[in-house]
Amino acid sequence: MKNKLLLILTIIFVPLQIHSLICKAEQISERNVIKIDSIEITEYELEKRMNKSLPADSLNMYIESFIDRAYILAEATEQGYPEDRKTNSAVEKMAKIIVMQANGGLLYEEVVNKKISISDSEMKEAYKNEKKILNVEYLLFPNYREMTAILGSDSLMASEETFRSYVLNCENNPLVEYKNASLSWPFMNFLLYQDYLYTLKENQITSPLSTPMGVFVLHITSHEDLEAHPFEARKEVLGKLLERAEQRKGILRYDEELLAATDIKIFYDTVEKIYLGLNVKEQNALIEKRTYMDILGEVIMSFNLEGEFREITVEDFVEHYQNQLIRRWINSRIKLNNFLKDWVIIECGYREAEKLGITQTKKFVLDRKNYKFDLVYNKFIRNDLENKIIVDD
């Protein structure tokens, strides 16, 4: 500890009242509670990381651990760790996650979640709808192109007899999935088609339904009515389900608007070549350039980003995937398609966030800074402190 203290020029600790730590999420305090050299730890960081169930007598230990952390960050800063190129690159990637993650992303909070308001009439409609079950069988295609190639142009007018022939034709097709399922409100996989699904009668065939999971064609085999529970007993649960459904629906619609503005084009012949080179059986399998040496220059996708035309090659795709902070397991054609679309959505959405001033907000700035502190702290511990361990004989 003495060696560590020699690195400290000043320590300023502003005593915290417990009630000021346990504040509402939207209350973001930039007040510095720990300062060591250039390292400043804000009240927001302490509050965000603190276990709210901590007993009062554990609060001092919790704060002391943050002071120790600040010591280490100060020493790391002195040695130039925050300026590490790899660290800064990771921080920029995390900045896009902070803005664009589906659950809690700052852009979606601003353009979707803030606008959601659940009315009494919507609650009552949800109460009525949740008692209904749609039993279906379905065909799932990776995209419209494959669906049209397999079903033909008459798929929109399909009858039950035609659907049976489709099922038989697709029986041994690895691109198509056939299953039976029971769908219940709020149809989380079909949020943009809720009203449409309720209009369907038994033995009707749906139009193709485009979803993040792929393109569905449903055959309604039967309807069921569940036993009703009292409205008051279901009200709280229904409210949460409605809010979650409206949030997800809003995000889907917003993402569609972003994509539509880019004139995105995915070249599925090249996508298929990439997919056939993937190891879909091992979750941690690498995606490497050497697998695709013959097609590295082929274009897999193009889009227009505010007048800037971009073509993404197979080589670009591999590099982009390898540089992800959190790598998805791409074990299907649909997941590969979604990975490409999300790439464009994130690029567009981050620019929208910059225009709206979201990247200048307290929460964004502090979350970005705290993530960088985490990287610096962990790297310093790994590279330096472990080398200084002295074992007494």
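Since we're looking at a predicted model, the values are computed, not measured.

Novice: Would you take a moment to explain the packing of aromatic side chains for this structure?
Specialist: Counting across every chain of the model gives seven aromatic pairs. Centroid distance Phe190 to Phe216: 4.8 Å. Interplanar angle 70°. Geometry classified as edge-to-face. Placement of Phe190 in the loop between β5 (177-184) and α10 (194-198) and of Phe216 in strand β7 (residues 214-225) is noted, with a sequence separation of 26 residues between them. Judged by relative accessible area, Phe190 falls into the buried class, the value being 5%. The class for Phe216 is buried, based on a relative accessible area of 3%. An aromatic cluster of at least three residues, connected via ring pairs, comprises Tyr138, Phe190 and Phe216.

Novice: Sorry if this is basic, but what is going on with the packing of helix α12 (residues 268-276) against helix α14 (residues 333-355) here?
Specialist: Two packed helices can be described by the angle between their axes and the distance between those axes. At a minimum axis separation of 10 Å, α12 and α14 run at an interaxial angle of 120°. When the interaxial angle is binned, α12 and α14 end up oblique. Seen along the crossing, α12 lies across α14 with a hand that is right-handed. Two secondary-structure elements touch here, α12 through Tyr268, Val271, Glu272, Ile274, Tyr275 and Leu276 and α14 through Arg333, Leu336, Asn337 and Leu340.

Novice: Can you help me understand helix α13 (residues 314-322) in this one?
Specialist: Three or four residues apart is the spacing at which side chains of an α-helix point the same way, because the helix has 3.6 residues per turn. Residues Val314, Phe317, Val318 and Tyr321 constitute the buried set of α13. In a view along the axis of α13, the buried residues occupy a sector of 95°, so they form one face of it. Elements that come into contact with the buried residues of α13 comprise α12, β10 (308-313) and α14.

Novice: Would you explain the sheet that holds strand β6 (residues 209-211) in this entry?
Specialist: Sheet strands pair via backbone hydrogen bonds, and the direction of the pair is either parallel or antiparallel. Taken in spatial order, the four strands line up as β5-β4-β7-β6 in an open sheet, and their pairing is antiparallel. Two strands close off the open sheet at either side, each with one partner strand: β5 and β6. For this sheet, the mean inter-axis angle between neighbouring strands, taken without regard to orientation, is 40°. Across the face of the sheet, helix α9 (residues 160-169) comes into contact with β4 (132-141), β5 and β7 while running at roughly 50° to β4.

Novice: I would appreciate a short explanation of the pairing of strand β3 (residues 39-42) in the present structure.
Specialist: On a regular strand, one side chain projects to one face of the sheet and the next to the other, so that they alternate. Strand direction decides the pairing type here: strand β2 (residues 32-36) and β3, joined by four bridges, are antiparallel. Paired with Lys35 across the two strands is Glu40, which belongs to β3. Here β2 hands over to β3 after two residues, with Asp37 in that stretch at a positive phi of 55°.

Novice: Mind showing me how you'd approach the sheet that holds β10 here?
Specialist: Spatially, the three strands line up as an open sheet ordered β8-β9-β10, and their pairing is antiparallel. Bordering the open sheet on either side are β8 (265-266) and β10, each of which pairs with just one other strand. Bridge count between strand β9 (residues 299-305) and β10: six bridges; the pairing is antiparallel. Its bridge partner lying in β10, Phe303 is registered against Arg310. Those strands touched by α12 are β8 and β9, and its axis lies near 130° from that of β9.

Reading the values: the criteria
- Residues numbered from 1 in each chain as written.
- Predicted model: local features only at pLDDT ≥ 70, side-chain atom pairs only at ≥ 80, totals over all residues.
- Heavy atoms only, no water.
- Phe/Tyr/Trp six-rings, centres within 6.5 Å; stacked < 30°, edge-to-face > 60°.
- Helix = DSSP H or I, 4+ residues; strand = E, 2+ residues; numbered from the N terminus.
- Buried < 20%, exposed > 50% of the residue type's maximum accessible area, 1.4 Å probe, protein only.
- Axes fitted to C-alpha atoms, helices over the stretch in contact; angles between N-to-C directions.
- Parallel < 35°, antiparallel > 145°, perpendicular 65-115°, else oblique.
- Left-handed = near helix turned anticlockwise from the far one by under 90°.
- Contact = heavy atoms within 4.5 Å.
- Arc of directions from axis to C-beta.
- Pairing = 2+ DSSP bridges.

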